[in-house]
Amino acid sequence: MTEQNRNNVLSKNFNHVGAYSSLYTICQIVGLLLVFSVFYWILNFRGGFGFTEAKIIFNWHPLLMTIGFIYLFANSILHYRTFRNCKKRDLKNHHAIIHGCVIVLVILAGWASYASHIYSNPPIPNFYSLHSWLGIVTISMFLSQFISGFVSFMYPGIAAQYKEAIMPYHVFFGIFNFILAVATSVLGFSEKLIFALDREYKNFPKEGMFGNFLGLLSIFYCGLVVYLVTKPEYKRQPKPEDGVLLTGALE
């Protein structure tokens, strides 16, 4: 490669990193806005948070799910491209730790929903709606991804050929899992608004319009994340210190 070609490649990489950083900043703003908006919705329209009443206990569910299954999940799959100058092994550890935090939040969110149904008077049945079914599928897929990823990429002694074979599936199902999590959340927002507002929903109440905004903001955030994580030009370039560690598409 000539000096001129090398300079052109470096210039393109620099431009791509700059573009990624700008879009990533926008993505962070949108993600934090989504989390704050859910908090605002619950605080101002749904009675706030607590552990004394069933309907108040439930309010932890959408907030914790939004933080865990949307915001943190997104940051975990963008982590490789965002901190591209870190060592590959460190990035893998960070990726696993963030996923572990997601699992903790999801368990707490699931408990909030289940407990609120049990303590309601009369009790509310569990796991009958499409939202709950998709939630079970999303959580099951996430746990499967976490376990298979931990065994395949964190556990020592796994053959490089096996890692190379499993990586495309790990990447695809990781992105698909995130999209499914957002879709399930949007369905959950809609379900909650319909149950809470009933016939008033069709009269364009403030809470109904704000809830619709939450759904649109979630979809927009999802689009930004998927674009950033699938655009080849934003991929982290392998470094010499990566050694035999594999380079995945999420990078």
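Rules and cut-offs
Residues numbered from 1 in each chain as written. Predicted model: local features only at pLDDT ≥ 70, side-chain atom pairs only at ≥ 80, totals over all residues. Heavy atoms only, no water. Helix = DSSP H or I, 4+ residues; strand = E, 2+ residues; numbered from the N terminus. Buried < 20%, exposed > 50% of the residue type's maximum accessible area, 1.4 Å probe, protein only. Contact = heavy atoms within 4.5 Å. Areas by Shrake-Rupley, 256 points an atom, 1.4 Å probe, with all protein chains shown as cover. Axes fitted to C-alpha atoms, helices over the stretch in contact; angles between N-to-C directions. Parallel < 35°, antiparallel > 145°, perpendicular 65-115°, else oblique. Left-handed = near helix turned anticlockwise from the far one by under 90°. Nonpolar A, V, L, I, M, F, W, Y, C, P; charged D, E, K, R; others polar. Core = buried A, V, L, I, M, F, W, Y, C linked by side-chain atoms within 4.5 Å. Phe/Tyr/Trp six-rings, centres within 6.5 Å; stacked < 30°, edge-to-face > 60°. Lys NZ or Arg CZ within 6 Å of the ring centre and 35° of its normal. Expected span 1.5 Å × (residues − 1). Salt bridge = Lys/Arg side-chain N within 4 Å of Asp/Glu carboxyl O. pLDDT = per-residue confidence, 0-100. UniProt positions renumbered as here; feature names shortened; annotations may be inferred.

1. Overview of the overall build of the chain
Then step 1. Along its length, the chain carries 7 helices and 0 strands.
Then step 2. Classification of the 251 residues of the chain by burial places 43% in the buried group.
Then step 3. Residue pairs at least 24 apart in sequence account for 74% of intrachain contacts in the chain once pairs closer than 6 positions are excluded.
Then step 4. Summed over all atoms, the accessible surface of the chain reaches about 13,800 Å², with 68% contributed by carbon and sulfur.

2. Some details on the packing of helix α3 (residues 60-82) against helix α6 (residues 160-197)
Then step 1. Where α3 meets α6, the axes come as close as 10 Å, and the angle between the chain directions of the two elements is 155°. Taken together, α3 and α6 sit at an angle that is classed as roughly antiparallel. In the crossing of α3 with α6, the sense of the turn from one axis to the other is left-handed. On the side of α3, the interface is formed by Thr-66, Phe-69, Ile-70, Phe-73, Ala-74 and Ile-77, while α6 contributes Gly-174, Asn-177, Phe-178, Ala-181, Val-182, Ser-185 and Phe-189.
Then step 2. Residue composition of the contact of α3 with α6, grouped by class: 9 nonpolar, 4 polar and no charged.

3. Some thoughts on the nonpolar core
For soluble globular proteins, nonpolar side chains are generally found buried alongside one another.
Then step 1. Residues Val-38, Trp-41, Phe-69, Leu-78, Phe-178, Tyr-221 and Val-225 are the most contacted members of the largest nonpolar core, which totals 47 residues.
Then step 2. Those elements that place two or more of their residues in this core are α1 (3-45), α3, α4 (88-119), α5 (130-154), α6 and α7 (206-230).
Then step 3. When residues no more than four places from it in sequence are discounted, the contact partners of Leu-78 are Tyr-20, Tyr-24, Cys-27, Val-225, Leu-228 and Val-229.

4. Some remarks on the packing of aromatic side chains
Then step 1. If you walk through the whole model with that rule in mind, you get 19 aromatic pairs.
Then step 2. Three or more aromatic residues joined by ring pairs make a cluster, and in this case those are Tyr-20, Tyr-24, Tyr-227 and Tyr-234.
Then step 3. Taking NZ or CZ as reference, Arg-84 lies 5.5 Å from the ring centre of Tyr-20, over its face.

5. Digging into α6
Then step 1. Relative to the 56 Å expected for 38 residues at 1.5 Å per residue, α6 spans 55 Å between its end C-alpha atoms, a close match to the ideal helical length.
Then step 2. Following α6 by one or two positions, Asp-198 has its phi on the positive side, about 55°.

6. Brief notes about the pattern of salt bridges
Then step 1. Under the counting rule described, the total for this entry stands at 2 salt bridges.
Then step 2. Here Glu-207 makes a salt bridge to Arg-46, at a shortest N to O gap of 2.7 Å. Residue Glu-207 is located in helix α7, and its partner Arg-46 is located in the loop between α1 and α2 (54-58); the two are separated by 161 residues in the primary sequence.
Then step 3. Across the salt bridge formed by Lys-231 and Glu-233, the nearest N and O atoms sit 3.6 Å from each other.
Then step 4. Overall, the relative accessible area of 35% leaves Glu-233 in the partly exposed class.

7. Notes on the confidence of the model for the chain
Then step 1. Across the chain, the average pLDDT comes to 90, with 90% of residues at 70 or higher.
Then step 2. Within the chain, the lowest mean pLDDT, 82, falls on α1, and the highest, 98, falls on α7.
Then step 3. Throughout residues 4-11 the model reports pLDDT below 50, and contacts reaching past four residues in sequence, or to other chains, amount to 2 contacts.

8. A look at the UniProt feature "transmembrane region" (unreviewed entry) in the chain
Then step 1. The UniProt record marks residues 21-43, 63-83, 95-114, 134-155, 167-189 and 209-229 with the feature "transmembrane region" (unreviewed entry), using the residue numbering of this structure.
Then step 2. With 100% helix and 0% strand, residues 21-43 has end C-alpha atoms that lie 33 Å from one another.
Then step 3. The span residues 167-189 shows a helical share of 100% and a strand share of 0%, and its end C-alpha atoms are spaced 33 Å apart.

9. Topic: the environment of Lys-235
Then step 1. Structurally, the position occupied by Lys-235 is in the segment after α7.
Then step 2. Along the sequence, Lys-235 and Val-17 sit 218 residues apart, while their C-alpha atoms lie 9.1 Å from each other.

10. Points about the environment of Val-106
Then step 1. Tracing the sequence through the fold places Val-106 in helix α4.
Then step 2. As a C-alpha pair, Val-106 and Ile-139 span 33 residues in sequence and 8.0 Å in three-dimensional space.

11. A closer look at the packing of α3 against α5
Each packed pair of helices is defined by two parameters, the angle between the axes and the distance between the axes.
Then step 1. Where α3 meets α5, the axes come as close as 14 Å, and the angle between the chain directions of the two elements is 40°. With respect to each other, α3 and α5 are oriented oblique. For the element pair α3 and α5, the recorded crossing hand is left-handed. Only His-131, Thr-138, Ile-139 and Phe-142 of α5 make contact with α3, whose side of the interface consists of His-61, Met-65, Phe-69 and Phe-73.
Then step 2. Counted by class, the contact of α3 with α5 contains 5 nonpolar, 3 polar and no charged residues.

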